[in-house]
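# A look at the structure
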Amino acid sequence: MHIHWFPGHMTKSLRLIEENLKTVDAIVYVLDARAPLSCINESFDKLIDGKSILFVLNKIDLADKAKVSAWQKYFAEQGKNVIAVTSTEKLSSSVFMNALKKIEKPKVSKFEAKGVFIPTRLMVLGVPNSGKSTLINSVCGKKSAITGNKPGVTRGKQWVRLSNGMELLDTPGTLFPDFKDQQKAQRLAFIGSIRDEVVDQEELARELALCLMQLYPKEFMQKYSLTQTDDAEEIMRQICKKRGFLLRGGDFDMERCSKGLVDDFRKGKICPVTLELPNENTNERAD
Ligand SMILES: Nc1nc2c(ncn2[C@@H]2O[C@H](COP(=O)(O)OP(=O)(O)OP(=O)(O)O)[C@@H](O)[C@H]2O)c(=O)[nH]1
Ligand SMILES: [Mg+2]
């Protein structure tokens, strides 16, 4: 399959991010813990170089704990700030808040010494649907930022001020202008960062089935009573049988089956999943 999608409004979003970068002290880079590598937008690398960055591995409730630990270790070993959270859960807000305080400390100390208070400003970045707005809401005590279970919910920028004076800039989720790395694109589609309307859902489900059979065979087979096979069509037929996804006349209802599989995956109903480890090469073509 080939995913090539870069909506017009995203050029605007990238420009917005670029323009506002100079007004912020640090970056909060939100990565979906199910595919952290795929969530890294290399076109930001140069832009944010030199800024303090807090990497947030979000949605760990849906992710593979051992692999999330490997990711934390990977960032920490490079001297980077990293936390792993479930931003929909209350407990995570203090983890995030403490990390924010650590990030702003050098600046606060510098100004405190001069007897002045200048609020720290942070920009929250990441691919669509990674949980940026939810993370912001977790520390501001009210639903300041609009959230939603689909990509592209936040449009335009929104500043949110916290009770301690810190200011967080919510930004629209951004993708890459050019999906050279199709495996990345596919993984972003699996986790719901690319609009379903622009991706063939039956093809996506077949790719997901193959991926799960490879990475989490035991859990995947158990969930749908599958027998081992590397034939994606066969996996889908077996799921149809198990779930009774049949059309009138007895044909398999592949549309319903595809939606069902992708939904189960996104809701974490198969098993906790992380699709990639640090330093993996995702450059193979996925067609
Ligand atoms: N399971 C789970 N869901 C989460 C978590 N964080 C956010 N979500 C859900 O993910 C969806 C997207 O969250 P948003 O905060 O709107 O994501 P966003 O990054 O702001 O998305 P855009 O504005 O579209 O770029 C929502 O349905 C959230 O409830 C988490 O830690 N775990
Ligand atoms: Mg948002």
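The structure reproduced in this document is the subject of the present report. Bear in mind that the values here come from a model prediction, so they are computed numbers and not experimental data.

## Re the site of ligand 1
The local shell around ligand 1 holds 23 residues, among which Lys 132, Thr 134, Gly 152, Val 153 and Thr 154 are the closest. A distance of 3.2 Å is found between an oxygen atom of ligand 1 and a backbone nitrogen or oxygen belonging to Ser 130. Side-chain polar atom of Lys 132 to an oxygen atom of ligand 1: 2.6 Å apart, as the coordinates give it. For ligand 1, the accessible surface in isolation is 660 Å², of which the surrounding protein chains cover 89%. Mapping ligand 1 onto the cavity grids shows that it belongs to the largest pocket. Of the residues forming the shell around ligand 1, the biggest block, three residues, is contributed by helix H5 (residues 132-140). Across the shell around ligand 1, the residue classes tally to four nonpolar, 15 polar and four charged.

## Here we look at unusual backbone geometry
For Lys 59, which is not glycine, the phi torsion reads 65° and is therefore positive. Considering the arrangement of structural elements, one finds Lys 59 in the loop between strand E2 (52-58) and helix H3 (65-77). You will see that Ser 225, though not glycine, has its phi angle at about 50°, which is positive. Take Ser 225: it is sitting in the loop between helix H8 (217-224) and helix H9 (232-243).

## Quick word on empty space enclosed by the protein
The gaps of empty space that remain are located by a probe, the size of a water molecule, rolled over the atoms. Across all of its chains, the model carries one cavity of 30 Å³ or more by this definition. Computed from the structure, the largest cavity encloses a volume of approximately 40 Å³. As for the largest cavity, its lining consists of Trp 5, His 9, Met 10, Pro 128, Pro 151, Gly 152, Arg 155, Ser 193 and Arg 195. Grouping the constituent residues of the lining of the largest cavity by class yields four nonpolar, three polar and two charged.

## Brief notes about the coordination of the magnesium ion (ligand 2)
Here the magnesium ion (ligand 2) is held by Ser 133 (OG) and Thr 154 (OG1), and the distances to it run 1.9 to 2.2 Å. Of the two residues, Ser 133 sits in helix H5 while Thr 154 sits in the loop between H5 and strand E5 (158-161), which places them 21 residues apart along the sequence. Judged by its relative accessible area of 14%, Thr 154 is buried.

Here is what the cut-offs are and how they apply
Residues numbered from 1 in each chain as written. Chains lettered and ligands numbered in written order. Predicted model: local features only at pLDDT ≥ 70, side-chain atom pairs only at ≥ 80, totals over all residues. Heavy atoms only, no water. Near = heavy atom within 4 Å. Polar contact = N/O pair within 3.5 Å; in protein donor to acceptor, adjacent residues only side chain to side chain. Areas by Shrake-Rupley, 256 points an atom, 1.4 Å probe, with all protein chains shown as cover. 1 Å grid on protein atoms, 1.4 Å probe; cavity = no way out; pocket = protein on both sides within 12 Å on 5 of 7 lines; lining within 4 Å. Sits in = over half its atoms within 2 Å of the grid points. Helix = DSSP H or I, 4+ residues; strand = E, 2+ residues; numbered from the N terminus. Nonpolar A, V, L, I, M, F, W, Y, C, P; charged D, E, K, R; others polar. Points joined across faces, edges and corners; volume = space filled by probe spheres on them. Donors = N, O, S within 2.8 Å, 3.2 Å for Na, K, Ca; no water. Buried < 20%, exposed > 50% of the residue type's maximum accessible area, 1.4 Å probe, protein only.

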